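# Commentary on secondary and tertiary structure
Below, each chain spelled out in residue letters.
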Amino acid sequence: MGQADSSCLIQINGGYVVVDSVGDAIDSNGNVEVTGGVLLVSGPTSDGDGAFDYDGSATISGGTVLMVGSTGMAQSFTGGTQAFAMASASGEAGQSVCMVDGSGNVMASFTATKRFGMVLTSSPAFAEGGEYTLVIGGEVANANADGYTDSGAVSGGSETAITASCTASAGVGGAGGMDAGGANGAGGIGGAGGPAAGGGK
């Protein structure tokens, strides 16, 4: 992680954005704010890049987010008023990635265009402390060409339980880097705060 530049800001406040990235996908030398819209990201397969890369803070207060990518430089949101979750879950290109609620209703889905090892997600339907299920490789009803829908049902696939939170401890392993030799950044997978032992981004 470099020195944050406060003059740099990526703000997504509406629309429908689909990113298929070879390198860093959502990449800010400063901060990121998501306040609305739909953001679907198939991030890099290289562990030297990430689906989400920022040097300052990343907050969410609205909108639907589904990001998949490699684990080496994985970052989550640092906080916000809308709950989010990060999960260690792997899949292949062409597989669906779907979030469902406790009743089995689809909250958000899309089709990954690359293999991946992590998922970062947020939805206006998420509640603080809410428990949801991530389904990889299921058959999603009534999805569009990107595999996106925010309703209906999914059948089959592998399931991973997640808990959503508005704090950077959301996801797997809490705030911090992937693990020894991994990335740093709030909300990363594994580790607690700051650069992970062995060097971070």
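Because the structure is a prediction, the values reported are computed rather than measured. In every chain, residue numbers begin from 1 and rise along the written sequence. Local features in this predicted model are restricted to residues whose pLDDT is 70 or higher, and side-chain atom pairs enter the listing and the counts only when it is 80 or higher, whereas totals over whole chains, interfaces and linings include all residues. With hydrogens and water set aside, each side-chain value is computed from the structure's full complement of heavy atoms.

## Section: the overall build of the protein chain
Where we set the bar: Helix and strand assignments come from DSSP, with helices taken as H or I runs of at least 4 residues and strands as E runs of at least 2, each series counted from the N terminus. Should any heavy atoms of two residues lie within 4.5 Å, those residues are considered in contact. Using the Shrake-Rupley algorithm and a 1.4 Å probe, accessible areas are obtained, with residue cover drawn only from the displayed protein chains.
Within the protein chain one finds zero helices and 15 strands. Within the protein chain, contacts between residues separated by at least 24 positions form 59% of all contacts whose residues are at least 6 apart in sequence. As presented, the protein chain carries roughly 7,700 Å² of accessible surface, and 47% of it is formed by carbon and sulfur atoms.

## Focus on the sheet that holds strand E11 (residues 131–136)
How we decide: Two strands pair if DSSP finds at least two bridges between them. Lines are fitted to the C-alpha atoms to define the axes, a helix being fitted only along its stretch in contact, and any angle between axes, read from their N-to-C directions, falls within 0 to 180 degrees.
In space, the four strands of this open sheet follow the order E9-E8-E11-E14, with antiparallel pairing throughout. Each edge of the sheet is formed by a strand with only one pairing partner; in this case those strands are strand E9 (106–111) and strand E14 (158–163). Between one strand and the next, the sheet's axes are offset by a mean angle of 20 degrees, whatever the strand orientation. Where strand E8 (residues 96–100) lies against E9, five bridges are found, and the strand directions are antiparallel. Across the sheet, residue Val100 finds its bridge partner in E9, namely Val106.

## Observations concerning the confidence of the model for the protein chain
As a reminder of what qualifies: As a per-residue quantity, pLDDT reports the predictor's confidence and falls between 0 and 100.
Taken residue by residue, the protein chain gives an average pLDDT of 77. The fraction at 70 or more is 69%. Low confidence marks residues 170–201, where pLDDT is under 50. Its contacts with residues over four positions away, or in another chain, come to 105 contacts.

## Some details on the side chain of Gln82
Here Gln82 shows up in strand E7 (residues 79–91). Each residue touching Gln82, except ones within four places of it in the same chain, is listed here: Ile60, Ser61, Gly62, Gly63, Ser122, Ser123, Pro124, Ser165 and Cys166.

## Re the pattern of salt bridges
Should their charged atoms come close, side chains of opposite charge can pair. Inclusion rule: Throughout this description, the term salt bridge denotes a Lys or Arg side-chain nitrogen within 4 Å of a carboxyl oxygen of Asp or Glu.
Under the defined criterion, the tally for this structure stands at one salt bridge. Asp20 is the partner of Lys114 in a salt bridge, and the nearest nitrogen-oxygen pair spans 2.1 Å. Within this pair, whereas Lys114 is found in the loop between E9 and strand E10 (116–122), its partner Asp20 is found in strand E1 (residues 9–20), the two being separated by 94 residues in sequence.

## Concerning the environment of Gly157
Tracing the chain through its elements places Gly157 in the loop between strand E13 (154–155) and E14. When the C-alpha atoms of Gly157 and Cys98 are compared, they prove to be 9.5 Å apart, with 59 residues separating the residues in sequence.

## So, the nonpolar core
Proteins that are soluble and globular tend to have nonpolar side chains buried together. Operational definition: Buried residues of nine kinds, namely Ala, Val, Leu, Ile, Met, Phe, Trp, Tyr and Cys, make up a nonpolar core once their side-chain atoms join them within 4.5 Å. Throughout, exposure labels follow a simple rule: accessible area from a 1.4 Å probe, protein chains only, divided by the maximum for the residue type, with under 20% read as buried, over 50% as exposed, and the rest as partly exposed.
Ranked by size, the top nonpolar core spans 24 residues in total, and within it Leu66, Val97, Met99, Val119 and Leu134 carry the most contacts. Looking at this core, the elements that each hand over two or more residues are strand E3 (31–42), strand E6 (64–69), E7, E8, E9, E10 and E11. In this view, Val119 contacts Leu66, Met67, Val68, Ala85, Met86, Ala87, Ala89, Val97, Leu134 and Ile136; residues no more than four positions away in its chain are not counted. Formed by 17 residues, the second largest nonpolar core is a distinct cluster that contains Ile26, Leu39, Ile60 and Met86.

## Digging into unusual backbone geometry
Of note in this structure, Asn142 is not a glycine but carries a positive phi near 60 degrees. Mapped onto the secondary structure, Asn142 falls in the loop between strand E12 (139–140) and E13.

## Structural notes on the pairing of E10
The buried count for E10 comes to seven of seven residues, which makes it a mostly enclosed element. Note that E6 and E10 share five bridges and pair antiparallel. Paired with Gly69 across the strands is Met118, a residue of E10. As paired elements, E7 and E10 share six bridges and run antiparallel to each other. By the bridge assignment for E10, Ala85 is matched with Thr121.

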